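Letter by letter, the chains look like this.
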Amino acid sequence: MKYRFITLFLVTSFILNGQDSRKIDSLNHLIQQASQNDSWKTSIAMLYSKGKFYNSEKNYEEAQQQFLKIDSIGKKYNYIDENIVLAKVERAEISKSTFSHDGIESANTLLKQALVEAKKINNEKVIYSIYKRLADIKGLMGELNRAKFYLDLAFPYYLEKDDRASLSWVYKVYSVYYIEVDSFKKAEEYRLKRVKYLRSHNDSIELAKAISSLGDFYSYRLNEHKKALPYLEEAKVIYETTHDTLIRPYLYLVENLAICNAETGNYVLGYNYYKKAYNLRKDIVRESNDITTRRLEAKFQTKEKEQEIALLKSEKQITAQQKINQRNLFIAGITVTTIAGLFFFFLFKNKQKTTKKLKELDDFKSKLFANISHEFRTPLTLISGPIDKRLHTLNLSEEDKNDFEMIQRNSNRLLNLVDQLLDLSKLESGHLKLKVAEGNLSVLLKSMASAFQHKAFHKQIDYSINIEEIDKVWFDKDVIEKTVINLLSNAFKYTPQNGKIKFFAAVIGNKLELHIENDSNVLTKEQINNIFNRFYQADENTEGVGIGLSLVKEIVNLSYGSIIVDNTSAITIVFKVYLPILKSQFKPEDLTETSIEIPVIEQKEFIVEKEKEQQPAIDENLPILLVVDDSEDIRAFIKSAFKNNYQVVEASDGEIGVEKAIALVPDIIVSDVMMPKLNGFQLSETLKKDERTCHIPIILLTAKTEDADRFIGLETGADDYITKPFKLKALEARVKNLIDSRLKLRERYSQELVLKPTDIAISSFDAQFLEKVNNVIDENLTEPSFSAEDFSKAVGMSRMQLHRKLKALTGLSATEFVRSQRLKLAADLLKKSDANVSEIGYAVGFNDHSYFAKCFKEMYGCSPSEFISKL
């Protein structure tokens, strides 16, 4: 066995001098033989040789695979030898070559493992080789002291062995170490030692590297280009004399010669060296491409051989299988045909069942919608009936009348929604049929259009009606009513106050054209495409369109018509409806002989008097409650509940709400979440970040019940979050609790001599405000002319805002607050100062001694003199 190993090593040595492909083939053959003979030690040696070969070819991926196999064998047999340790060292070198953080860390770990194993087998040569590499790795990791520690371990060994290459490397790394610690003199010393040592030994290439390195040091580190030139020229001569093939070091040398000559004024020679460096770089690229090409060719040849072997095996297997396959093919064909027939048969039967089930489910859904809608109508009737009865009572108070009218409006709205659901269920089930008859269409359109004049008057909208005479035409009265009422309701809903709405109707080209144009926001292409979808919501700040527009589109299509929507200008939107009006344009089953009866509605004139919005007068005896909601009914409902104990101010959207909150500084705000312009979350966030309003408690109302929405509301700074529908008692209790908590905080502030909010639970914006107030008071308190007006200007607020802010925090007006701070300071001075009462009064800003004494007595219950006597 021993002789076999020797033979294998001799063969390996012979192989490594051959061609690349032959080397790999021979090594693979030897590895296979060793594996068959269970000679795993031989396998380790062969794998190490194979890995070294791939490493020399810079095929690091393949090299890593061989070295990892060695590691696996060593672990399997719990065995360590020189090749196993060196395999780890090679892996470390490959990892280091990446110069990445992970690569350097991996190399450090592998070298430490290799050092432990080398010490176990007591291999001195490998141990010191690892010391040398660890010095390099520690330098790359920035652990300079550890790098020098390993250098100090390796240096005596290589000096004793007179190992030229290793000693040259150690001298070089010593120099790098001293450069890193900014000791350039020591760095120069070790570079000179390296050159001196190599001059005494016949090693031209290492000497050229050392001299070139010394030149680099003078050039790059010390900027002594003239001193560097002789060394660089000498290294160039050695490289060219020895015809060395180390093209990269030679390239760096030539580039440095170009730089040094240029820096010393020899531009022509510098240019020639730059040109030579350029040609050398082209050679390097060509060489790299050649190596890559050879590697790819080797991989291709290996794959090709593997494929040839696999092909031969496959041909034998195919020949053997062909006869069996031919025999089974017929049986398989019959089986597949039978299975396919059964599959399609059952698929057809299943499709029939599915279609039937879907039809039954669709019918059930339509019936369910119809049944639910009918069930809603009964309780709605029982609500609206008594309300109508109460509204006709003569002795009804104005407050009760307003409440009952609000109930009636919302009851009618619910009834309308129920009717729309019922119509949609009929449309989807195909039960909604046209009932087309002849009649006077213009009378019907005028009666419906005039019904909205009261709403236009109330909302101060410029509402124009232009309906041509349209008589003896065919139409479905129900379709016309639902279409016009839904589109006009939609127009009035989204038209702002003082906006415009135009209603136009005429017969053009044997078709009825209805145009409903109103002021609104410009619609995007996406919004236009989705506006007829049920419950479509353009953005999170706007209410969804519900089912009205969807119903309009469905019944217009049912009537063989069409509807489109577009922006006519930057601020207007128009719905255009086209409907047939000739008998021949409908199917026979759509027609009915019943005449259309149209009630005539008396036209009323409304005189619109535009009211100027006035700032509500502030009643200091009642807390101010700001209600922000785009629903007029909700605002009226909350106002009616709080009007006796609070001064209620209303805002119809979030933007107006912010403006009124800043202007009035209310005691509490109740806001809806879903609103145009600014939603409740944005309103809360805006006010909580403004020092004028950050102290105001905010309660958010919303129909959203998800925890995520609640968390968003609280994160924006809202103090409470109530879901709709809400109990009025609960809202009243929460408003009262929040105001009471603010009153307690106010009492706490009012007791402070100087406002110090560090130990009081307030927002950071309140703390900033109080700090600003402290600074203003400190600078101006002793000025007799310092007034509330001056105070508000210094703080950066209006007099009203400062008054409301201080009132909320301390219970004092601006004037009272300044006076109280002066009196507190006076009391403190009376305790600590030897000055008389008049001097102290004047010092804290009181010009009138009697007024000072009066104010002091009102606050402390005794005169300043009595106050001193009690001390």
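*Asks:* Is there a simple way to explain the pairing of strand 6 (residues 562-567) in this structure?
*Replies:* The side chains of a regular strand alternate between both faces of the sheet. Burial along strand 6 is one-sided: the face carrying Ile 563, Val 565 and Asn 567 is buried and the face carrying Ser 562, Ile 564 and Asp 566 is not. As defined by bridge partners, strand 6 adjoins strand 7 (residues 572-580) across 6 bridges and the pair is classed as antiparallel. In the strand pairing of strand 7, Ile 564 is matched with Lys 576. In this antiparallel pair of consecutive strands, strand 6 and strand 7, the connection spans 4 residues.

*Asks:* Looking at this model, I keep getting lost on the nonpolar core. Mind explaining?
*Replies:* Generally speaking, a soluble globular protein has its nonpolar side chains buried in company with each other. Within the largest apolar cluster, 80 residues are counted, with the highest numbers of intra-cluster contacts made by Ile 70 and Ile 130. When residues in this core are grouped by element, the largest group, 9 residues, is from helix 9 (residues 164-180). Of all hydrophobic cores here, the second largest spans 37 residues; its members include Val 484, Leu 549, Val 565 and Ile 581.

*Asks:* Got a minute to help me understand the packing of aromatic side chains in this structure?
*Replies:* Two measures describe an aromatic ring pair: the distance that separates the ring centres and the angle between the ring planes. This model, assessed by the stated rule, comprises 24 aromatic pairs. A centroid spacing of 5.2 Å and a plane angle of 70 degrees characterise the contact between Phe 149 and Tyr 150, whose relative ring orientation is edge-to-face. Phe 149 gets classed as partly exposed once you look at its relative accessible area, which sits at 37%. For Tyr 150, a relative accessible area of 6% puts it in the buried group. Look at Tyr 157 and Tyr 158: their rings are 5.2 Å apart centre to centre, the planes differ by 75 degrees, and that puts the pair in the edge-to-face class. Comparing Tyr 157 with Tyr 158, the two get one shared label, buried. For Lys 132, the ring lying beneath its charged end belongs to Trp 169, and the centroid distance is 5.6 Å. A cation sits over an aromatic face here: Lys 193 above Tyr 190, 4.8 Å from the ring centre.

*Asks:* Just to check I follow, could you spell out the pairing of strand 4 (residues 500-507) for this structure?
*Replies:* In terms of strand pairing, strand 2 (residues 462-467) meets strand 4 through 6 bridges, oriented parallel. The residue bridging Ile 467 from the neighbouring strand is Ala 505, located in strand 4. Pairing of strand 4 with strand 5 (residues 511-519) involves 7 bridges; the strand directions are antiparallel. Residue pairing in the sheet places Phe 504 in a bridge with His 515 of strand 5. Counting the residues that bridge the hairpin from strand 4 to strand 5 gives 3 residues, and of these Gly 509 lies at a positive phi of roughly 65 degrees.

*Asks:* I'm lost on the packing of helix 29 (residues 814-832) against helix 31 (residues 849-860) in this one. Help?
*Replies:* Helix-helix packing is described using two parameters, namely the angle between the two axes and the distance between the axes. At their nearest, the axes of helix 29 and helix 31 sit 10 Å apart, and the two run at 90 degrees to each other. In terms of orientation, helix 29 lies roughly perpendicular with respect to helix 31. When helix 29 is examined against helix 31, the residues Arg 819, Ser 820, Leu 823, Lys 824, Ala 826, Ala 827 and Leu 830 are found in contact with a partner set consisting of Tyr 851, Phe 852, Cys 855, Phe 856, Met 859 and Tyr 860. Among the residues forming the contact of helix 29 with helix 31, the class breakdown is 10 nonpolar, 1 polar and 2 charged.

Here is what the cut-offs are and how they apply
- Residues numbered from 1 in each chain as written.
- Predicted model: local features only at pLDDT ≥ 70, side-chain atom pairs only at ≥ 80, totals over all residues.
- Heavy atoms only, no water.
- Buried < 20%, exposed > 50% of the residue type's maximum accessible area, 1.4 Å probe, protein only.
- Helix = DSSP H or I, 4+ residues; strand = E, 2+ residues; numbered from the N terminus.
- Pairing = 2+ DSSP bridges.
- Core = buried A, V, L, I, M, F, W, Y, C linked by side-chain atoms within 4.5 Å.
- Phe/Tyr/Trp six-rings, centres within 6.5 Å; stacked < 30°, edge-to-face > 60°.
- Lys NZ or Arg CZ within 6 Å of the ring centre and 35° of its normal.
- Axes fitted to C-alpha atoms, helices over the stretch in contact; angles between N-to-C directions.
- Parallel < 35°, antiparallel > 145°, perpendicular 65-115°, else oblique.
- Contact = heavy atoms within 4.5 Å.
- Nonpolar A, V, L, I, M, F, W, Y, C, P; charged D, E, K, R; others polar.

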